[in-house]
2 protein chains.
Amino acid sequence: MKMNNRERARCETRAAILKALAHPTRLFMIEVLAKKSYCVFELTEMVGLDVSTVSKHLSILRNAGLVNVEKKGKHVFYSLRMRCALNFLDCVEAVLREQAQDRMDAI
Amino acid sequence: MKMNNRERARCETRAAILKALAHPTRLFMIEVLAKKSYCVFELTEMVGLDVSTVSKHLSILRNAGLVNVEKKGKHVFYSLRMRCALNFLDCVEAVLREQAQDRMDAI
DNA sequence: TTCATATTTGGCACAATAACCAAATGTTTA
DNA sequence: TAAACATTTGGTTATTGTGCCAAATATGAA
């Protein structure tokens, strides 16, 4: 199968979602938000980076459709929208376990 | 939960795997390799980029532990190693469907 | 050995990311 | 309205990622 324009577009769309997940800070927030929703300030404390940085990370997750946003007074609460993103992470875990096994085998 | 050093390291490891997937060309190859193994030359034809570029993409997938490599004569065959990477993509598909639904709702 | 083919690696140019600070926006409280 | 707080946006810089070409490496065939 050749990667024609249609196919390329399809892969770009999918890759965009994966890219949104593919950053340690965003991954961390996805996991935290899986438990309950938090406002930007709370997430900033947990993450330990500048508020503006965290806000930008959240906008990336938002644009990818991975989180929900809800304004309450002067706070903005984020929550995990795509629960199946967690399955992602389980699969990643499986990859890592297998990598660890390989390293054992190599000894 | 704070993102301490241990937690940061854990997220970096996981993100590294997602990063390896988060590119249209690599995503395409993952899907192609899910069906059967191919050599670099065949993949290059399908992808339509320079061989060196394809080779580098493959090395990224290899380093992430997502594909297997097998040398046969002067050819190098790649195959999908982590089948569960495909579940990843099903989940991505679900995200995309939900996004499309949102756009419908917005009308 | 020499040639042809297959793949990888190095180097360069350009685009995209991610971090911070500072400034702008929006919202509640005094 | 003014001040305080929460969040977002703009700008800058450093780092990384991606693509191509050219060169290096590896393997099989003549």
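Within each chain, residues carry numbers counting from 1 in the order of the written sequence. Going through the entries in the order they are written, you letter the chains from A and number the ligands from 1. Local features in this predicted model are restricted to residues of pLDDT 70 or higher, and side-chain atom pairs are both shown and tallied only at a pLDDT of 80 or more, whereas totals for entire chains, interfaces and linings draw on every residue. Each side-chain value is worked out from all heavy atoms of the structure, with water and hydrogens disregarded.

Peer 1: Outline the pattern of salt bridges, listing residues and values.
Peer 2: Salt bridges are defined by distance alone: a side-chain nitrogen of Lys or Arg within 4 Å of a carboxyl oxygen of Asp or Glu. All told, the structure shown has 10 salt bridges over all chains when counted by the stated rule. Its salt-bridge partner being A:Glu31, residue B:Arg14 comes within 2.7 Å of it at the nearest N-O pair. Pair noted here: B:Arg14 is in helix α1 (residues 5-21) and A:Glu31 is in helix α2 (residues 24-35), and the two residues belong to different chains. Like B:Arg14, the residue A:Glu31 is buried in the burial classification. Each of the salt bridges in this network shares a partner with another, and the network as a whole consists of A:Glu7, A:Arg10, A:Arg14, B:Glu31 and B:Glu93. Runs of H or I in DSSP of at least four residues are treated as helices and runs of E of at least two as strands, each being numbered from the N terminus. Burial classes: relative accessible area under 20% of the type maximum marks a residue as buried, over 50% as exposed, and values in between as partly exposed (1.4 Å probe, protein chains only).

Peer 1: Explain the protein's contact with DNA strand D to me, using residue names and the numbers behind them.
Peer 2: The environment of DNA strand D is formed by 24 residues, the closest being A:Phe41, A:Ser55, A:Lys56, B:His23 and B:His57. Polar contacts here mean pairs of N or O atoms no more than 3.5 Å apart (in protein, one a potential hydrogen donor and the other a potential acceptor; neighbouring residues in sequence count only if both atoms are side-chain atoms). Interatomic distance of 3.2 Å between a backbone N/O atom of A:Lys74 and a sugar or linking oxygen of DNA strand D. Those elements that place two or more of their residues in the surface near DNA strand D are α3 (40-47), α4 (51-63) and β3 (75-80) of chain A together with α4 (51-63) of chain B. The greatest single-element share of the surface near DNA strand D, amounting to five residues, is contributed by α4(A). Working definition: residue near molecule or strand if any one of its non-hydrogen atoms lies within 4 Å of it.

Peer 1: Explain the pairing of strand β3 (residues 75-80) of chain B to me, and be specific about the residues and the numbers.
Peer 2: Residues and elements named next belong to chain B. Two strands form a pair only when DSSP identifies at least two bridges running between them. In this structure, strand β1 (residues 38-39) lies alongside β3, joined through two bridges in antiparallel fashion. Within β3, the position partnered with Cys39 by the bridge is Phe77. Here strand β2 (residues 67-72) runs beside β3; their pairing, made up of six bridges, is antiparallel. What sits directly across from Lys72, in β3, is His75.

Peer 1: I'd like to hear about the nonpolar core, residue by residue, with values.
Peer 2: A:Leu66 and B:Leu66 are the most contacted members of the largest nonpolar core, which has 74 residues in total. When checking whether two residues touch, look at their non-hydrogen atoms; a contact exists if any pair is within 4.5 Å. Each residue touching A:Leu66, except ones within four places of it in the same chain, is listed here: A:Ile17, A:Ala20, A:Leu21, A:Ile30, A:Leu61, A:Ser79, A:Leu80, A:Arg81, A:Met82 and B:Val95. Here, the term nonpolar core denotes a set of buried Ala, Val, Leu, Ile, Met, Phe, Trp, Tyr and Cys residues that are joined through side-chain atoms within 4.5 Å.

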